Amino acid sequence: MSVSLRRTAAALAAAGVLAASALTAALPAYANTAANCYQHYNKEIINSRLSSAIYCTDGEWLGVHDDQADGYSARAAIQLYQSQVGFWYDAHECFDDTTVADYQGFSFCNFSVPDGTLIRIRLWSQRNGVESYSVVTGSFTT
């Protein structure tokens, strides 16, 4: 192989590697992180105290935000359905008390929920151990 042919082959190989890198970098990176969940959530729920919760099926992130410094903490839970007795129960809980917040005021918790599991998200406010303003999403599959 001549020198110029080897240089051309090396240049084409390098260009191919660079092109593959550029294509990989151009794809959206919605990795299962709290920061990406904040921007690309699947479900959102808000109660009358202006507390909110968001959920991301990719990575099972649950974010909760307490927007009021009123003595209530915002709490959210991933609920699973107990088919043997016919009720929903809080399987995983997360809370935000307005002093421990990140990502635009949301506190995030990460849980493991198997794909294909039927769940719903419950959001409520709590003060002195008493729950109020509870709301839930419709059920959906992870």
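Details of the structure are given in the entry above.
Figured I'd write up the structure that's included with this text.

Scoring rules and cut-offs
Residues numbered from 1 in each chain as written. Predicted model: local features only at pLDDT ≥ 70, side-chain atom pairs only at ≥ 80, totals over all residues. Heavy atoms only, no water. Helix = DSSP H or I, 4+ residues; strand = E, 2+ residues; numbered from the N terminus. Buried < 20%, exposed > 50% of the residue type's maximum accessible area, 1.4 Å probe, protein only. Contact = heavy atoms within 4.5 Å. Core = buried A, V, L, I, M, F, W, Y, C linked by side-chain atoms within 4.5 Å. Pairing = 2+ DSSP bridges. Axes fitted to C-alpha atoms, helices over the stretch in contact; angles between N-to-C directions. Patch = residues over 30% accessible without salt bridge, like charges linked within 9 Å, V, L, I, M, F, W, Y side chains within 5 Å. Areas by Shrake-Rupley, 256 points an atom, 1.4 Å probe, with all protein chains shown as cover. Salt bridge = Lys/Arg side-chain N within 4 Å of Asp/Glu carboxyl O. Phe/Tyr/Trp six-rings, centres within 6.5 Å; stacked < 30°, edge-to-face > 60°. Lys NZ or Arg CZ within 6 Å of the ring centre and 35° of its normal.

### Regarding unusual backbone geometry
Phi is positive for leucine 50, which is not a glycine, with a value near 65°. Considering the arrangement of structural elements, one finds leucine 50 in the loop between strand 1 (43-46) and strand 2 (52-56). Since its relative accessible area comes to 47%, leucine 50 is described here as partly exposed. Positive phi is not limited to glycine here, since tyrosine 133 has a value of about 55°. Its place among the elements puts tyrosine 133 in strand 8 (residues 130-136).

### Topic: the environment of aspartate 70
Locating aspartate 70 in the fold gives a position in the loop between strand 3 (61-65) and strand 4 (73-82). In this structure aspartate 70 comes out as partly exposed when scored by relative accessible area, which is 23%. For the pair aspartate 70 and arginine 127, spaced 57 residues apart in the sequence, the C-alpha separation amounts to 9.2 Å. Aspartate 70 has contacts with Arg49 and Arg127, leaving out every residue within four places of it along the chain.

### Concerning the nonpolar core
Judged by nonpolar contacts, the single largest core of 16 residues is most densely connected at Tyr55, Leu62, Ile78, Ile119 and Ile121. Of all the elements in the fold, those that place two or more residues in this core are strand 2, strand 3, strand 4 and strand 7 (118-127). Per-element accounting of this core gives the leading share, four residues, to strand 4. Leave out the neighbours within four places in its chain, and isoleucine 121 touches Ile45, Ala53, Tyr55, Leu62, Ala77, Ile78, Val135, Val136, Thr137 and Phe140. With seven residues, the next largest nonpolar core counts Cys37, Ile54, Cys56 and Phe108 among its residues.

### As for the sheet that holds strand 3
Strand order in this open sheet of four strands is 1-2-3-6, and the pairing throughout is antiparallel. Lying at the two open borders of the sheet, with one neighbouring strand each, are strand 1 and strand 6 (107-110). If you compare each strand with its neighbour and ignore which way they point, the axes differ by 15° on average. In this structure, strand 2 lies alongside strand 3, joined through five bridges in antiparallel fashion.

### Focus: a nonpolar patch on the surface
A contiguous nonpolar surface patch, about 280 Å² in accessible area, is contributed by Val85, Phe87 and Tyr89. With respect to the secondary-structure elements, valine 85 resides in the loop between strand 4 and strand 5 (87-96).

### Some details on the packing of aromatic side chains
Considering all chains together, one arrives at six aromatic pairs under this definition. Taken together, Tyr38, Trp61, Phe106 and Phe108 form an aromatic cluster joined through their ring pairs. A cation sits over an aromatic face here: arginine 49 above tyrosine 72, 3.9 Å from the ring centre. Between arginine 75 and the ring centre of phenylalanine 95, over which it is positioned, the NZ or CZ distance is 4.7 Å.

### Brief notes about the side chain of serine 52
Following the sequence through the fold, serine 52 ends up in strand 2. Apart from the residues within four sequence positions on either side, serine 52 is in contact with Ile45, Ile46, Gly63, Val64, His65, Phe106 and Leu123.

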